[in-house]
Amino acid sequence: MLTENSIQILKARYLLKREDGKILETPRELFQRVAQHVTIIETKNQSQWADTFFNAMANLEFLPNSPTLMNAGLENGQLSACFVLPVEDGLSSIFETLKNAALIHQSGGGTGYNFSKLRPKGDQVSASGGVSSGPIAFLKLYDSATEHVKQGGRRRGANMGILNVDHPDIREFIYAKSKEGSLENFNISVGITDDFMQAVKDNADWNLVNPRTKKVQKTIRAVQLWDAIVKSAWHTGDPGIIFLDTINRDNPTPGQGRIESTNPCGEVPLLDYESCNLGSLNLMKVLKKEDGKPIVDWAKLESLISVAIRFLDNVISTNHYVLPQIKKRSTNNRKIGLGVMGWAELLISLGIPYDSDDAVRLGEQLMEFIKVKSYEASRALAKERGTFASWEQSIHYPHAPIRNATCNSIAPTGTISVIAGTSYSIEPLYALAFKRVGILENKTQMELNSIFVSEMKLLGLWNEKTKAKVLETGSVQHIKYIPVDVKRLFKTSMEIPWKYHLLHQKAFQKHTDNAVSKTINLPKTVSLKDVSKIYKMAWEYGLKGITIYRDGSKERQVLQKCSFE
Ligand code: CDP
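Residues numbered from 1 in each chain as written. Predicted model: local features only at pLDDT ≥ 70, side-chain atom pairs only at ≥ 80, totals over all residues.

Considerations on the overall build of the chain
Here is step 1 of the chain: When you go through the chain residue by residue, the secondary structure sums to 21 helices and 22 strands.
Here is step 2 of the chain: Relative to a compact globule of 565 residues, whose C-alpha radius of gyration would be 24 Å, the chain shows 23 Å and is just as compact.
Here is step 3 of the chain: By its C-alpha atoms, the chain is 75 × 60 × 55 Å across when sized along the principal axes.
Here is step 4 of the chain: Relative to its full complement of 565 residues, the chain shows a buried share of 48%.
Here is step 5 of the chain: Sequence separation of 24 or more characterises 73% of the internal contacts of the chain that already satisfy a separation of 6 or more. (Helix = DSSP H or I, 4+ residues; strand = E, 2+ residues; numbered from the N terminus. Rg over C-alpha atoms; globule rule 2.2 N^0.38 Å. Buried ≥ 20, exposed ≤ 12 C-beta atoms within 10 Å, placed from the backbone. Contact = placed C-beta atoms within 7 Å.)

Structure representation (structure tokens):
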């Protein structure tokens, strides 16, 4: 059942090891360890629940985020992937958060921060009589600290750095990653408000405000900043943008403050000191045949959702929190994020091209189903276990009692989709063939997408010639004898018009209470005008954030690089 890649990754990063490197468990035992750990809080039918959770993981129908797989059952096992920490305008807060981030990274989690409270570069510092270094200097400091704290030796910490669009240092921030190799451990995003988007539309002035004095430091045209963001993103893929007002319209606990940041890949907006546990359903496992035709198995999906929601809620109760503040917030709000992987492969199996309105419609229907059933499952848990502590102060009150402040996120599934042997998250196939550097022997090997190979075999088109042509480019679009409908079905990420990348993100975001992590992959030839249009449409579509990648704009890392780091 597990692919060769999956076994390699499990051996290198997930299976328990002795100090001398000897592997101490099998993949089956890993899933047992996790299932047993998260059932310790079950008061009834404990062994049945352990079996149910084990089966969902061992059948690769549902997988929790990597830290849960790596750390469950270990002493002080930290199980969450996502955190946000505060950065206040003072050295003590900056270094306190740096220390806490190191502890989180060491335990396998990733952290996001908004640096906008820091006074701008060159501003006065009363304690020393000198001038301040500004947020970008501290961003660099966090980046190099991350470099040296490997996550338990298994993967490097990931960070999200945000600066709001009215900060005086915003221009420097926009270009902070433009030099190849800078801020490698950070994703950066500009925090954008509705006012700013309106000012861009109206070609109006925009004030940059010193957060220390609250005084306007400079006034510029909003469009100037917008063009800088677009230009930099076109050149390097960075910065992304996040829409703070859209995020806060969905903030489930506004009484606890405004949300200013997301986790590293953007799928979870969080308050300071909040964490979130993610898990993803493998959509390739919810297919069945009716009259010989593959269709979605909605009944199986429904039952997996309720198992997954219970699993993730159990993770909150059986988690070891690295900081007391994080424990307090996380157990008060009980945020979880159930999402999906294998969306592109599901569409291919159903014979629906990714760049079609049918695909977008099905995406919306599927995510609505997942949201409705996730909320039903969380409500059933509230009946059994009680609501989250701050429910009465949340936007869920006075609706039916619910156990979790949020239920859904679409995570990138950078490693767990490799373990499950399917396509990432809701992304189209990146390529039909690609080079993968083996993590154990460091050998490079060529790989082909298995669904593509099966389809070619079925059509009688699988031969050395086809293989060689596909290995060369990773695509079938240039091969004359491949039928048009097959070409359509097997379009890869760069070959999908951006309009459909956006429409898929929109379809899934519509029914996701947290956010959707997605990269809008673009061909090299895309214009600045198009990038600007994409960013504007993202706001109009109600997306919570957006990231683009233009082919060739930076050296593309080996596929699944994050899992090898
Ligand atoms: O597939 P996996 O569970 O390993 O993770 P993912 O879905 O690719 O990423 C989910 C979240 O894990 C990210 O948004 C980060 O918060 C965190 N992460 C991290 O801390 N370090 C990494 N190297 C990769 C992901």
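Alright, that's what it looks like, and here's the rest.
Topic: the site of the ligand
Here is step 1 of the chain: Taken together, 23 residues form the shell around the ligand, and within it Ser66, Ala81, Gly110, Cys265 and Gly414 come nearest.
Here is step 2 of the chain: Of the residues assigned to the shell around the ligand, the class counts are ten nonpolar, nine polar and four charged. (Near = placed C-beta within 6 Å. Nonpolar A, V, L, I, M, F, W, Y, C, P; charged D, E, K, R; others polar.)

Thoughts on the nonpolar core
Here is step 1 of the chain: Core analysis: the largest hydrophobic core is formed by 145 residues, its most contacted members being Ile192, Ala308 and Leu338.
Here is step 2 of the chain: Residues contacting alanine 308, with those up to four places away along its chain left out, are Phe62, Gly279, Leu281 and Leu338. (Core = buried A, V, L, I, M, F, W, Y, C linked by C-beta atoms within 7 Å.)

Describing the pairing of strand β22 (residues 545-550)
Moving residue by residue along a regular strand, the side chains alternate between the two faces of the sheet.
Here is step 1 of the chain: β22 sits mainly inside the fold: five of its six residues count as buried.
Here is step 2 of the chain: Note: strand β12 (residues 240-243) against β22, two bridges, orientation antiparallel. Across the sheet, isoleucine 242 pairs through a bridge with glycine 545, a residue of β22.
Here is step 3 of the chain: As judged from the four bridges shared by strand β21 (residues 519-522) and β22, these two strands associate in the parallel manner. Within β22, the residue paired with threonine 519 across the bridge is threonine 547.
Here is step 4 of the chain: Each parallel crossover has a hand, and the one from β21 via helix α20 (residues 528-540) to β22 is right-handed. (Pairing = 2+ DSSP bridges. Right-handed = clockwise from strand over helix to strand, strands pointing away.)

Considerations on the pairing of strand β16 (residues 287-290)
Here is step 1 of the chain: Looking at chain direction, β16 and strand β17 (residues 293-296) are connected through four bridges and run antiparallel. Paired with glutamate 290 across the two strands is lysine 293, which belongs to β17.

Concerning helix α19 (residues 498-510)
Here is step 1 of the chain: Across its 13 residues, α19 extends 18 Å between first and last C-alpha, which sits within 8% of the 18 Å expected from 1.5 Å per residue.
Here is step 2 of the chain: If you check which residues of α19 are buried, you get Trp498, His501, Leu502, Leu503, His504, Gln505, Lys506, Ala507, Phe508 and Gln509.
Here is step 3 of the chain: Against the buried residues of α19 lie α14 (357-385), β21 and α20. (Expected span 1.5 Å × (residues − 1).)

Some thoughts on the confidence of the model for the chain
Residues shown with low pLDDT carry predicted positions that ought not to be read at fine detail.
Here is step 1 of the chain: Of all residues in the chain, 96% attain a pLDDT of 70 or more, and the chain-wide mean is 95.
Here is step 2 of the chain: Model confidence for the complex: the whole-complex pTM is 0.97, and ipTM, which rates the interface, is 0.97. (pLDDT = per-residue confidence, 0-100.)

Quick notes on the environment of phenylalanine 31
Here is step 1 of the chain: One can find phenylalanine 31 in helix α2 (residues 27-38).
Here is step 2 of the chain: On the neighbour-count criterion, phenylalanine 31 (22 C-beta atoms within 10 Å) is buried.
Here is step 3 of the chain: Sequence separation between phenylalanine 31 and alanine 56 is 25 residues, and the spatial gap between their C-alpha atoms is 9.3 Å.

What about the environment of leucine 301?
Here is step 1 of the chain: Tracing the backbone shows leucine 301 in helix α11 (residues 298-318).
Here is step 2 of the chain: In this structure leucine 301 comes out as buried when scored by C-beta crowding, with 20 C-beta atoms within 10 Å.
Here is step 3 of the chain: Counting along the chain gives 213 residues from leucine 301 to glutamate 88, while the straight-line C-alpha distance between them is 44 Å.
Here is step 4 of the chain: Setting aside residues no more than four positions away along its own chain, leucine 301 makes contact with Val286, Val296 and Phe369.

Side note on unusual backbone geometry
Here is step 1 of the chain: For the bond running from aspartate 238 to proline 239, omega is 0°, close enough to zero to count as cis.
Here is step 2 of the chain: In this structure, proline 239 sits in the loop between α9 (222-236) and β12.
Here is step 3 of the chain: Look at the link from tyrosine 397 to proline 398: it is a cis peptide, with omega at 5°.
Here is step 4 of the chain: In this structure, asparagine 45 takes a positive phi of about 50° despite not being glycine.
Here is step 5 of the chain: Given 11 C-beta atoms within a 10 Å radius, asparagine 45 is considered exposed.
Here is step 6 of the chain: In the Ramachandran plot, leucine 183 falls in the positive-phi region, its phi being about 45° despite a non-glycine side chain.
Here is step 7 of the chain: Take leucine 183: it is sitting in the loop between α7 (170-174) and β9 (186-192).

Let's talk about the packing of α14 against α19
Here is step 1 of the chain: As a packed pair, α14 and α19 sit with axes 8 Å apart at the nearest point and diverge in direction by 20°. In terms of their interaxial angle, α14 and α19 are classed as roughly parallel. Once α14 is placed against α19, the crossing between them reads as right-handed. Residues Val360, Gly363, Glu364 and Met367 of α14 form the contact with α19, whose own contacting residues are Leu503, His504, Ala507, Phe508 and Lys510.
Here is step 2 of the chain: Of the residues belonging to the contact of α14 with α19, the class tally is five nonpolar, two polar and two charged. (Axes fitted to C-alpha atoms, helices over the stretch in contact; angles between N-to-C directions. Parallel < 35°, antiparallel > 145°, perpendicular 65-115°, else oblique. Left-handed = near helix turned anticlockwise from the far one by under 90°.)

Looking at α20
An α-helical turn contains 3.6 residues, so any two residues separated by three or four positions project in the same direction.
Here is step 1 of the chain: If you check α20, its first and last C-alpha atoms are 19 Å apart, about what 13 residues at 1.5 Å a residue would give, namely 18 Å.
Here is step 2 of the chain: Here α20 has its buried residues at Val531, Ile534, Tyr535 and Ala538. Viewed along the axis of α20, the buried residues span an arc of 95°, placing them on a single side of the element. What points out from α20, more than 90 degrees from its buried face, is the exposed set Lys529 and Glu540. (Arc of directions from axis to C-beta.)

Description of the environment of lysine 117
Here is step 1 of the chain: For lysine 117, the location among the structural elements is in the loop between β3 (110-114) and β4 (124-125).
Here is step 2 of the chain: Residues lysine 117 and asparagine 210, spaced 93 residues apart in sequence, show a C-alpha to C-alpha distance of 8.9 Å.
Here is step 3 of the chain: The contact partners of lysine 117, leaving out residues within four places of it in the chain, are Val87, Glu88, Asp89 and Pro211.

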